[in-house]
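# Summary of structural features
Here is what each chain is made of, one letter per residue.
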Amino acid sequence: MSEKETWEQVTTWLRENGLWIIAGITVGAAGLWGWHWYQDHEDSLGAQAGAKYAQVVQAFGGTDRTGGFVAVGELERDFPSSPYVDQAKLIAARVYVEDNSLDKAAAELQAVAEHSKDSDLGLIARLRLARVQIAQKKPDAALATLNGLKAGAFEPRMHEILGDAYYAKGDKANA
């Protein structure tokens, strides 16, 4: 082929496919822009959730327990899929235990144990829930909470809680 024939072939091909090439570049650029926008949006939500969690910690760290519980509710409402929600619920459960509101503490721990996306956090919540159930004089519920639990690195702690549950039940042989 001569140079002129090659050039004509290239220009014909570009006329036939040029629109598709431009559309592909446009779609690719829009997709890239959308991905970056989404990442920035997620980062912004994470920072906002982190700031709200800091409010929870600060409120519970001071004397504003009511403000802490309000902040936990706002965190759960505004950022339901944030891992900070589980952390805040664990703090709220600790505060409920300190106030001897064991039913409320159990409810918070149960929610984390059942719904946490972090398996280790869910495991910690189940271990704490079993301790609360023992304090509520419900050793059978504590044993049910721990039944079939694969505790991994928390195995010694789980066995300690199992012993406490059996002891509270009056089964000293298994304790």
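Read on for a plain summary of the structure. All values derive from a computational prediction rather than experimental measurement. (Residues numbered from 1 in each chain as written. Predicted model: local features only at pLDDT ≥ 70, side-chain atom pairs only at ≥ 80, totals over all residues. Heavy atoms only, no water.)

## Let's talk about the overall build of the protein
Per the secondary structure count, the protein includes seven helices and zero strands. When the helices and strands of the protein are read in sequence order from the N terminus, they spell out α-α-α-α-α-α-α. Scaling as 2.2 N^0.38, a compact globule of 175 residues should have a C-alpha radius of gyration of about 16 Å, whereas the protein reaches 28 Å, well beyond that. Expressed as lengths along the three principal axes of its C-alpha atoms, the size of the protein is roughly 100 × 40 × 20 Å. Burial status across the protein gives 31% buried among its 175 residues. A total accessible area of about 11,500 Å² is found for the protein, and carbon and sulfur atoms account for 56% of it. Across the protein, the centroid of the 18 positively charged side chains sits 9 Å from that of the 24 negatively charged ones. (Helix = DSSP H or I, 4+ residues; strand = E, 2+ residues; numbered from the N terminus. Rg over C-alpha atoms; globule rule 2.2 N^0.38 Å. Buried < 20%, exposed > 50% of the residue type's maximum accessible area, 1.4 Å probe, protein only. Areas by Shrake-Rupley, 256 points an atom, 1.4 Å probe, with all protein chains shown as cover. Lys, Arg positive; Asp, Glu negative; His and termini not counted. Charge placed at Lys NZ, Arg CZ, Asp CG, Glu CD.)

## Quick notes on the nonpolar core
Here is a general trend for soluble globular proteins: nonpolar side chains tend to be buried in one another's company. Counting 25 residues, the largest nonpolar core has Val 56, Phe 60, Val 72, Leu 75, Ala 88, Leu 90 and Leu 109 as the members making the most contacts within it. For this core, the element with the most residues is helix H3 (residues 83-98), which contributes eight residues. Not counting chain neighbours up to four residues away, the residues in contact with Leu 109 comprise Leu 90, Ala 93, Ala 125, Arg 128, Leu 129 and Val 132. By size, the runner-up hydrophobic cluster in this structure holds 13 residues, among which are Leu 123, Ala 130, Leu 149 and Met 158. (Core = buried A, V, L, I, M, F, W, Y, C linked by side-chain atoms within 4.5 Å. Contact = heavy atoms within 4.5 Å.)

## With respect to helix H1 (residues 3-61)
Its axis deflected by about 55 degrees at Asn 17, H1 carries its strongest bend there. Residues Gly 18, Ala 49, Gly 50, Lys 52, Tyr 53, Val 56, Ala 59 and Phe 60 constitute the buried set of H1. Of the surrounding elements, those touching the buried residues of H1 are helix H2 (65-78) and H3. (Bend = angle between axes of the 7 residues up to and from the residue.)

## What to know about the packing of aromatic side chains
This structure, assessed with the given rule, holds four aromatic pairs. Seen from their ring centres, Trp 35 and Tyr 38 are 6.0 Å apart, and the 35 degrees between their planes marks the pair as tilted. Remark: Tyr 38 and Trp 35 occur in helix H1; sequence separation between them is three residues, near one turn of the helix. Owing to a relative accessible area of 39%, Tyr 38 belongs among the partly exposed residues under this scheme. One aromatic cluster is present, built from ring pairs that chain together Phe 60, Phe 69 and Tyr 96. (Phe/Tyr/Trp six-rings, centres within 6.5 Å; stacked < 30°, edge-to-face > 60°.)

## Notes on the environment of Ile 134
Within the secondary structure, Ile 134 sits in helix H5 (residues 119-135). According to the relative accessible area criterion, Ile 134 is buried, its value standing at 16%. Along the sequence, Ile 134 and Leu 45 sit 89 residues apart, while their C-alpha atoms lie 38 Å from each other. Apart from the residues within four sequence positions on either side, Ile 134 is in contact with Ala 142, Ile 161, Asp 164, Ala 165 and Ala 168.

## Some remarks on the packing of H1 against H3
Where H1 contacts H3, the axes come no closer than 10 Å and their chain directions differ by 10 degrees. Relative to H3, the element H1 is oriented roughly parallel. In this structure, H1 contributes Gly 46, Ala 49, Gly 50, Tyr 53, Val 56, Val 57 and Phe 60 to the contact, and H3 contributes Tyr 84, Gln 87, Ala 88, Ile 91, Ala 92, Arg 94 and Val 95. Counted by class, the contact of H1 with H3 contains ten nonpolar, three polar and one charged residues. (Axes fitted to C-alpha atoms, helices over the stretch in contact; angles between N-to-C directions. Parallel < 35°, antiparallel > 145°, perpendicular 65-115°, else oblique. Nonpolar A, V, L, I, M, F, W, Y, C, P; charged D, E, K, R; others polar.)

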